[in-house]
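Chain residues, written in single-letter form:
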Amino acid sequence: MEVIETALPTGMTKSRIQEYLREAPYPATRQGLVDHAREAGASGDIVRALERLPERRYANPDAVIETIGMLV
């Protein structure tokens, strides 16, 4: 099985993203994640990264973080 390397945008860490998404109701849509992050007080860079996610349902914060890393 091939391991896909992902890198988060500069200044963004896995723990920082999880801080705003851990309480989100999963599975979650892109818009649901954006709304939840805004309500949780996430910074603009995190909200913008979430807005760039492909529209689908995300099972957990790790799936979100992995996808953000692939978009860099």
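Each remark here, short or long, concerns the structure printed above.
Just so it is clear, the structure is predicted and the values come from calculations on it, not from any experiment.

Some points on the nonpolar core
- With 20 residues, the main nonpolar core has L21, L33, L50, L53, V64 and I68 as its most contacted residues.
- When residues of this core are traced back to their parent elements, those giving at least two are α1 (14-21), α2 (30-39), α3 (44-51) and α4 (61-71).
- Among all residues touching L50, those that are not within four sequence positions of it are L21, R30, L33, V34, A37, V64 and I68.

Remarks on the side chain of T67
- Mapped onto the secondary structure, T67 falls in helix α4.
- At 2.8 Å, the side chain of T67 and the backbone oxygen of A63 are in polar contact.
- If we skip the residues at most four places from it in the chain, T67 touches L53, P54, R56 and Y58.

A look at the environment of I17
- Secondary-structure assignment places I17 in helix α1.
- The class of I17 is buried, set by a relative accessible area of 1%.
- Along the backbone, I17 and I46 are 29 residues apart, and their C-alpha atoms lie at a distance of 6.9 Å.
- When sequence neighbours within four positions are dropped, the list of residues in contact with I17 reads L8, M12, I46, I65 and I68.

Here we look at α1
- Taken together, the buried positions of α1 are occupied by I17, Y20 and L21. Taken around the axis of α1, the buried residues stretch over an arc of 95 degrees, which confines them to a single face.

Here's the deal with the packing of α1 against α4
- For the pair α1 and α4, interaxial distance at closest approach is 10 Å and the crossing angle is 135 degrees. As summarised for this structure, α1 and α4 are arranged oblique, according to the angle between their axes. In the crossing of α1 with α4, the sense of the turn from one axis to the other is right-handed. Contacts between α1 and α4 involve K14, I17, Q18 and L21 on the former and, on the latter, P61, D62, V64, I65 and I68.
- The residue makeup of the contact of α1 with α4, split by class, is six nonpolar, one polar and two charged.

Digging into α3
- If you check which residues of α3 are buried, you get I46, V47, A49 and L50. Seen from one end, α3 has its buried residues packed into an arc of 160 degrees, which puts them on one side.
- Looking at the buried positions of α3, the neighbouring elements they touch are α1, α2 and α4.

What counts as what
- Just so you know, the residues in each chain are numbered from 1, in the order the chain's sequence is written.
- Totals for whole chains, interfaces and linings use every residue, but because this is a predicted model, local features are given only for residues with pLDDT of at least 70 and side-chain atom pairs only at 80 or more, for both listing and counting.
- Computation of side-chain values covers all heavy atoms of the structure but excludes hydrogens and water.
- In these notes, a set of buried Ala, Val, Leu, Ile, Met, Phe, Trp, Tyr and Cys residues joined through side-chain atoms within 4.5 Å is what counts as a nonpolar core.
- Throughout, exposure labels follow a simple rule: accessible area from a 1.4 Å probe, protein chains only, divided by the maximum for the residue type, with under 20% read as buried, over 50% as exposed, and the rest as partly exposed.
- In this text, helices come from DSSP runs of H or I with a minimum length of four residues, and strands from runs of E with a minimum of two, each type numbered from the N-terminal end.
- We call two residues in contact when some of their heavy atoms are within 4.5 Å.
- Whenever two N or O atoms come within 3.5 Å, that pair is a polar contact, provided that in protein one can donate a hydrogen and the other can accept it, and provided that, for residues adjacent in sequence, both atoms are side-chain atoms.
- The arc in question is traced by the directions running from the helix axis to the C-beta atoms.
- Orientation is described by lines fitted to C-alpha atoms, with helices fitted over the stretch in contact, and by angles between N-to-C directions that extend from 0 to 180 degrees.
- Oblique is the label for every angle not falling under 35 degrees (roughly parallel), over 145 degrees (roughly antiparallel), or within 65 to 115 degrees (roughly perpendicular).
- Crossing handedness is defined as follows: a turn of the near helix away from the far one that is anticlockwise and smaller than a right angle gives a left-handed crossing, while the clockwise case is right-handed.
- The classification used treats Ala, Val, Leu, Ile, Met, Phe, Trp, Tyr, Cys and Pro as nonpolar, Asp, Glu, Lys and Arg as charged, and all other residues, Gly among them, as polar.

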